[in-house]
There are 2 protein chains.
Amino acid sequence: MQRTQSAVQYTEEEEALGRIAKALGHPVRVRILKLLLSESCCFTGQLTDFIPMAQSTVSQHLKVLLDSGLIQGEINPPKVRYCINRENWVKAEGLLKVFFVSPVHDRCECG
Amino acid sequence: MQRTQSAVQYTEEEEALGRIAKALGHPVRVRILKLLLSESCCFTGQLTDFIPMAQSTVSQHLKVLLDSGLIQGEINPPKVRYCINRENWVKAEGLLKVFFVSPVHDRCECG
DNA sequence: GTTTTCTATCGTATATTTACGATGAACTAA
DNA sequence: TTAGTTCATCGTAAATATACGATAGAAAAC
């Protein structure tokens, strides 16, 4: 990307929402999160059983989710236990809620 | 991307959430949506006033949002009026709500 | 008709994402 | 010690995304 002119400044909210959404922006990562949200709550290893992809690819997607803060991983060699990061999860929920709930104006006559 | 082995099948929900999140996955698109959500509701033209980027780049981001269904554009030459697509907006809100509200288990002792 | 305004699209360059297999690091089990 | 398990990381290839300037098209203003 050429950045000759740009260097746009974004607000905290814009950055935060962008980051969260980007992490959610691949169906396999949605699936991973759903698995972590499931009754099992935490997962060690069996993730790849539910995702027909190379183990290295799954690992890469897990890293994206880790970097977003939405999940956390507890090393428990030779396994790693992945869980939702509750604190950040709630934050993300809040950000999205505020964003989406800001109502589309009823009195707007367009569409 | 090599797809020698893969061809993973995703559920409707996984695909839909992925698509929406991907569209939201850039701070400038978050800003555009916020502008469209603002009191003005619809915008014709002045969008670039709020976004210090090349006009062609803004147009490209608008296309991404259009393709996601989150916004719609009504051609009204030489201007175009962009608005939130209410129907799809509500759908997106619903999908995200269901996804995030599925509670992180309280009784889960990890994190 | 000519010019202006607004916006999409094209062409292009670079960065990032996505995917794979191979390898390595770390602990367990035999 | 040796072999097995689990997962991250490296190297690589191809697809997408991001950004720009230049150009084109379509109606409005003159």
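The rules behind each value
Every chain begins its residue count from 1, and numbering advances along the sequence as written. Note on labels: chains are lettered from A, ligands numbered from 1, in written order. With the structure being a predicted model, the display of local features is reserved for residues of pLDDT at least 70 and the display and counting of side-chain atom pairs for 80 or more, all residues being used for whole-chain, interface and lining totals. Calculated side-chain values reflect all of the structure's heavy atoms, with hydrogen atoms and water omitted. Where helices and strands are cited, they refer to DSSP runs of H or I of at least four residues and of E of at least two residues respectively, numbered from the N terminus. Only protein chains enter the accessibility calculation, which uses a 1.4 Å probe; a residue whose area is less than 20% of its type maximum is buried, one above 50% is exposed, and one in between is partly exposed. For this analysis, residues touch if any pair of their heavy atoms sits within 4.5 Å. DSSP calls a pair of strands paired once it identifies at least 2 bridges connecting them. We call a set of buried residues a nonpolar core when its members are Ala, Val, Leu, Ile, Met, Phe, Trp, Tyr or Cys and they connect through side-chain atoms within 4.5 Å of each other. Note on aromatic pairs: the rings of Phe, Tyr and Trp (six-membered ring only in Trp) are paired at centre separations within 6.5 Å, and the planes decide the class, stacked below 30 degrees, edge-to-face beyond 60, tilted for the rest. For this document, the term salt bridge refers to a Lys or Arg side-chain nitrogen within 4 Å of an Asp or Glu carboxyl oxygen. Expected helix span is taken as 1.5 Å per residue step, with the number of steps being one fewer than the number of residues. By construction, the arc corresponds to the directions joining the helix axis to the C-beta atoms.

Thoughts on the overall build of chain A
Point 1. A count of helices and strands for chain A gives five helices and three strands.
Point 2. Walking chain A from its N terminus toward its C terminus, one meets helices and strands in the order α-α-β-α-α-β-β-α.
Point 3. Taken across its 111 residues, chain A has 43% of its residues classed as buried.
Point 4. Once local pairs closer than 6 in sequence are excluded, the contacts in chain A between residues at least 24 apart make up 49%.

Topic: the side chain of His61(A)
Point 1. Following the sequence through the fold, His61(A) ends up in helix α4 (residues 55-68).
Point 2. What makes His61(A) buried here is its relative accessible area of 11%.

Digging into the pairing of strand β3 (residues 79-84) of chain A
Residue and element names in this part refer to chain A.
Point 1. With six bridges connecting them, strand β2 (residues 71-76) and β3 associate as antiparallel partners. Across the sheet, the residue bridging to Gln-72 is Cys-83, located in β3.
Point 2. Between β2 and β3, which pair antiparallel one after the other, the connecting turn spans two residues.

Some thoughts on the nonpolar core
Point 1. Ranked by internal contacts, the top residues of the largest apolar core, which has 60 residues, are Leu33(A), Ile71(A), Phe99(A), Leu33(B), Ile71(B) and Phe99(B).
Point 2. Sequence-distant contacts of Leu33(A), defined by excluding residues within four places in its chain, comprise Leu24(A), Leu65(A), Leu70(A), Ile71(A), Ile84(A), Trp89(A) and Phe99(B).

A few points about the packing of aromatic side chains
Point 1. Going through the model one piece at a time under the given rule, you end up with six aromatic pairs over all chains.
Point 2. Aromatic rings pair up to connect Trp89(A), Phe99(B) and Phe100(B) into one cluster.

What about the environment of Lys22(B)?
Point 1. Mapped onto the elements of the fold, Lys22(B) is located in helix α1 (residues 12-24).
Point 2. Judged by its relative accessible area of 57%, Lys22(B) is exposed.
Point 3. Taking the C-alpha atoms as reference, Lys22(B) lies 9.5 Å from Leu65(B); in sequence the two are 43 residues apart.
Point 4. Look past the residues within four positions of Lys22(B) in its chain and what remains in contact with it is Ala21(A), Gly25(A) and Arg29(B).

Let's talk about the pattern of salt bridges
Point 1. Tallied over the entire structure, the rule returns 10 salt bridges over all chains.
Point 2. Notably, a salt bridge pairs Glu14(B) with Arg31(A), separated by 2.9 Å at the nearest N-O pair. Pair noted here: Glu14(B) is in helix α1 and Arg31(A) is in helix α2 (residues 27-37), and the two residues belong to different chains.
Point 3. One salt bridge connects Arg81(B) with Glu74(B), and the closest N-O pair in it is separated by 2.8 Å.

Details of helix α5 (residues 86-101) of chain A
Point 1. The end-to-end C-alpha distance of α5(A) is 22 Å, a good match for the 22 Å that 16 residues give at a rise of 1.5 Å each.
Point 2. Residues Trp89(A), Ala92(A), Glu93(A), Leu96(A), Phe99(A) and Phe100(A) constitute the buried set of α5(A). The arc enclosing the buried residues of α5(A), seen along the axis, measures out at 135°, which places them on a common side. Turned more than 90 degrees away from the buried face of α5(A) sit Glu87(A), Val90(A), Lys91(A) and Val98(A), all of them exposed.
Point 3. Those residues of α5(A) hidden inside the fold are in contact with α1 (12-24), α2 and β3 of chain A together with α1, α2 (27-37) and α5 (86-101) of chain B.

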